[in-house]
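Topology and contacts: notes
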Amino acid sequence: PVFIPNYKSAIMLDPTKLLEGTFFISYERILNGRFSLNVAGMATYSTKQGMSNFYFSNQSFAYFDALSNSYHSYNGEVMSGGGLNVQFRNYLLANHPNRQKAPLGLYAAPQLMYRKMSITGYYQEMKEINSGEFELVDKEITQHLNIYAGGVILGLKVPLFKGLVIDVFAG
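Residues numbered from 1 in each chain as written. Predicted model: local features only at pLDDT ≥ 70, side-chain atom pairs only at ≥ 80, totals over all residues. Heavy atoms only, no water.

Even without being glycine, Asn69 reaches a positive phi, approximately 55 degrees. Inspection of the secondary structure assignment puts Asn69 in the loop between strand E4 (61–65) and strand E5 (70–91). (Helix = DSSP H or I, 4+ residues; strand = E, 2+ residues; numbered from the N terminus.)

In this section: a nonpolar patch on the surface. A cluster of nonpolar residues, Ile11, Leu13, Leu18, Leu19, Phe23, Ile25, Tyr27 and Met51, forms a patch on the protein surface that exposes about 810 Å² of accessible area. For the nonpolar patch, the secondary-structure elements that each account for two or more residues are strand E1 (9–13) and strand E2 (22–30). Top contributing element to the nonpolar patch by residue count: E2, with 3 residues. Its place among the elements puts Phe23 in strand E2. (Patch = residues over 30% accessible without salt bridge, like charges linked within 9 Å, V, L, I, M, F, W, Y side chains within 5 Å. Areas by Shrake-Rupley, 256 points an atom, 1.4 Å probe, with all protein chains shown as cover. Salt bridge = Lys/Arg side-chain N within 4 Å of Asp/Glu carboxyl O.)

Here the focus is the environment of Gly81. Examined against the element boundaries, Gly81 turns out to sit in strand E5. Taking the C-alpha atoms as reference, Gly81 lies 9.2 Å from Leu145; in sequence the two are 64 residues apart. If we skip the residues at most four places from it in the chain, Gly81 touches Met42, Ala43, Thr44, Lys116 and Met117. (Contact = heavy atoms within 4.5 Å.)

Here E1 shows one buried face, formed by Ala10 and Met12, and one open face, formed by Ser9, Ile11 and Leu13. Inspection of the sheet shows E1 paired to E2 by 5 bridges, in the antiparallel sense. Opposite Ala10, over in E2, you have Glu28 as the bridge partner. (Buried < 20%, exposed > 50% of the residue type's maximum accessible area, 1.4 Å probe, protein only. Pairing = 2+ DSSP bridges.)

Pasting the structure below:
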């Protein structure tokens, strides 16, 4: 017989989020053989240098100018913030014989997310210095964003080694 440990909790890291400058850690608590609650925390610090360079450089940033009633693009320098993600996971095949139970196997989950982000960057503005003479002046802009999101994900958690699990999901 093969001994399969009965886990009640799992702590997970998402290394792919590091490529966008976000440290993502989550805690999953098994409620019963079929359901679990997953709570994740996110901390973001992204610049044009380092690991998040490709992600950050491919973003387009714009701010709304109330005076001209239009959007203007700017060059982002730093994106920082944090957030929280909550999922209620339903392991779909847990009640079938010879199937894996929570926290492994196929699952579906509604999720809610909140992120508070700040993006700092610069744009150039023409400024008149003397009558008829203009120069480009760099102006700093900081946007503060509150992001709320909700949705449904479908995922599969597959054990790789005794202490390592791969979680592939879409939603």
